[in-house]
Amino acid sequence: MRVAKFGGSSLASAEQIKKVTNIVQEHPERRLLVVSAPGKRDSGDTKVTDLLIELGSKAWHGQSYEAVYETVVDRYRQIASGLGLGESVVQEVAADFTERVQFAADNEESYMDQMKAGGEDNNAKVIARYLQNEGVKAAYLNPYEAGLLVSDEPGNAKVLPEAYEHLYKLRDRDEILVFPGFFGYTPEGKLATFPRGGSDITGSIVAAGVQADLYENFTDVDSVYAANPGVVDQPMEVKQMTYREMRELSYAGFGVFHDEALIPAFRASIPVCVKNTNNPDAEGTMIIAERAQDQTPVTGIAADEGFSTIYVRKYLMNREVGFGRRLLKIVEDEGISYEHIPSGIDDTSVIIDNSQLTAEKEERMLTRIMEELEADDAHIEHGFAMIMLVGEGMHETVGVASRAAQALSNRGINIEMINQGSSEVSLTFGIQAAQADEAIRGLYEQFFRPSVVGTES
Ligand SMILES: Nc1ncnc2c1ncn2[C@@H]1O[C@H](COP(=O)(O)OP(=O)(O)O)[C@@H](O)[C@H]1O
Ligand SMILES: N[C@@H](CC(=O)OP(=O)(O)O)C(=O)O
């Protein structure tokens, strides 16, 4: 049995959904489809999830939302009409979104989750209806009915262990099941979504639950590339990579697959294959537990912007028992998680994802660090990017860090932070965000086109 997840780009229009239908019918083992909300039809388009965030935010704050509501319904109208489905399907979608607008939630986060989930939920219903019309024995399946239980963390839910046993029962169903991605239900029956891009996570959880032979992740590129194809011209395709490599690369900015989606598949030993809906004959990328080691120590290079650093300096910090713990407690008290803590003797930095910071939180933390920890200096710097080199072979290869530093220096890029060692498969550099693309190109040339920079490989 295979689980096939189709991303928003694969379901953005009726034409795309027809391609998906062909892919599903090509292989009898493709019995569980996990679907996203309609994505962008072209680069200037807006994803339905983004429209729903606008709709939800306007409705929650009592602003006029009718225009964006119509835009959402119209996206489904165009899809339904292109698939030859009648206006009654559109009316059902419209009624569903009206119900979501009127949903009585205790707080904005839960209200927004109800709204966002409508993108995948309605798409799954429309696709199931289309498959049935095409004579395929198919059914829509709600995550509540399937027992996809998650934690009560709106917009940031995590799967609960008991979900897997519930999902295992889906093996007994003989129809092709169309499962909406991106959300589950708490044990109390409250809807909660995964983080953005979370349909990949649903796919992985469902694949682990049913103990699938393969989890296929269909998107709009022929494979995972060694660097973002939007930054590097025609980067190398990666044919095989390990779960660890993919997890690190997705965390560090490979938008093609969600970093949190690796763990369920990895724990259940389910191979993942990234494939192209627009070119399904292309081999794709296999993500597996172990792969043959090749010549290149580096498998991929990723960058993610939007990090800040809390810099703290105090003379003899290294001799003060509990300093690190108390510093991290101040960060924890603001409900913030950290990414890295590079340290010196008298100073340390806590690197944080910007999305967790507000001006008030920053001020409270700095005041407490100065007063409670009696620091000599504490300030926050914004605008960092993290660049990560990832590869299973890296740590056995002499000179990777020096080549990387040389490549960055050749392009006039100052390294603000280096982190090597904690992870066996990655090397991280902190640099100014404005230089992130330049850094990726320099590192790519160094490790994948060494002849261009005149370095021996
Ligand atoms: N290293 C990479 N390899 C392949 N694609 C990448 C990489 N880094 C970023 N991407 C981007 O990821 C996109 C696919 O992910 P996404 O937009 O989430 O697709 P979907 O709509 O299928 O969920 C590609 O179009 C590509 O631009
Ligand atoms: N639609 C959701 C979930 C998702 O995974 O979408 P996509 O498969 O288009 O990345 C989002 O945009 O976040």
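Predicted model only: the values in this text are computed from it and were never measured.

**Q** Before we go on, may I ask you to explain the site of ligand 2 in this structure?
**A** Around ligand 2, the surrounding shell consists of Lys5, Gly7, Gly8, Ser36, Lys47, Thr49, Glu120, Phe182, Arg196, Gly197, Gly198 and Ser199. Residue Glu120 places a side-chain N or O atom 3.1 Å away from a nitrogen atom belonging to ligand 2. Between ligand 2 and Gly197 there is a distance of 2.7 Å, counted from an oxygen atom to a backbone nitrogen or oxygen. In the complex, the protein chains occlude 90% of the 340 Å² of accessible area that ligand 2 would expose alone. By residue class, the composition of the shell around ligand 2 is one nonpolar, seven polar and four charged.

**Q** I'm lost on the UniProt feature "binding site: substrate" (unreviewed entry) in the chain in this one. Help?
**A** What UniProt calls "binding site: substrate" (unreviewed entry) maps, in this numbering, to Thr49 and Glu120. Taken together, the annotated residues stretch across 72 residues yet fold into one region, lying no more than 8.5 Å apart by C-alpha. Checked against the element boundaries, Thr49 lands in helix α2 (residues 48-60). Thr49 sits in the buried class, given a relative accessible area of 7%. If sequence neighbours within four positions are ignored, Thr49 has contacts with Ala37, Lys116, Glu120, Phe182 and Arg196. Judged by its relative accessible area of 2%, Glu120 falls in the buried class. Not counting the four nearest positions on each side in its chain, Glu120 is found in contact with Val35, Ser36, Ala37, Thr49, Pro180, Gly181, Phe182 and Ser199.

**Q** Sorry, what's going on with the domain arrangement of the chain here?
**A** Put simply, an interface is often sized by how much accessible area is lost when its parts join up. In terms of domain boundaries, the chain breaks down into domain 1 (2-211 + 223-236 + 245-263) and domain 2 (300-453). For domain 1 versus domain 2, the separation of C-alpha centres amounts to 34 Å. If you look at the interface, domain 1 gives 15 residues, while domain 2 gives 20 residues. The contact between domain 1 and domain 2 buries some 1,500 Å² in all, and 63% of this surface belongs to carbon and sulfur atoms. Taken as a group, Val231, Glu248 and Tyr251 account for 36% of the area that domain 1 buries against domain 2, more than any other trio of residues on that side. Across the contact surface, domain 1 and domain 2 share zero salt bridges. A per-class count over the side of domain 1 that touches domain 2 returns 10 nonpolar, two polar and three charged.

**Q** I keep staring at the sheet that holds strand β17 (residues 426-432) and nothing clicks. Help me out?
**A** Taken together, the five strands give an open sheet; going across it, the order is β14-β13-β15-β17-β16, and neighbouring strands pair in antiparallel fashion. With one partner strand each, in any of the chains shown, β14 (347-353) and β16 (417-420) form the two edges of the open sheet. For this sheet, the mean inter-axis angle between neighbouring strands, taken without regard to orientation, is 30°. Direction of pairing for strand β15 (residues 377-390) relative to β17: antiparallel, over a ladder of seven bridges. When the sheet's bridge partners are listed, Phe384 is paired in β17 with Gln432. Where helix α11 (residues 323-333) meets the sheet, it contacts β13 (300-313) and β14, and its direction lies at approximately 30° from that of β14. Strands in contact with helix α14 (residues 436-448) are β13, β15 and β17; relative to β13, the strand with the most contacts, it is inclined by about 125°.

**Q** In this structure, what is going on with the environment of Gln234? I would like to understand it.
**A** Mapped onto the elements, Gln234 comes out in the loop between β8 (224-225) and β9 (237-238). Note: C-alpha distance between Gln234 and Ala138 (96 residues apart in sequence) is 39 Å.

The rules behind these values
Residues numbered from 1 in each chain as written. Chains lettered and ligands numbered in written order. Predicted model: local features only at pLDDT ≥ 70, side-chain atom pairs only at ≥ 80, totals over all residues. Heavy atoms only, no water. Near = heavy atom within 4 Å. Polar contact = N/O pair within 3.5 Å; in protein donor to acceptor, adjacent residues only side chain to side chain. Areas by Shrake-Rupley, 256 points an atom, 1.4 Å probe, with all protein chains shown as cover. Nonpolar A, V, L, I, M, F, W, Y, C, P; charged D, E, K, R; others polar. UniProt positions renumbered as here; feature names shortened; annotations may be inferred. Helix = DSSP H or I, 4+ residues; strand = E, 2+ residues; numbered from the N terminus. Buried < 20%, exposed > 50% of the residue type's maximum accessible area, 1.4 Å probe, protein only. Contact = heavy atoms within 4.5 Å. Domains from an automatic or database assignment. Buried area = accessible area lost by both parts, 1.4 Å probe. Salt bridge = Lys/Arg side-chain N within 4 Å of Asp/Glu carboxyl O. Pairing = 2+ DSSP bridges. Axes fitted to C-alpha atoms, helices over the stretch in contact; angles between N-to-C directions.

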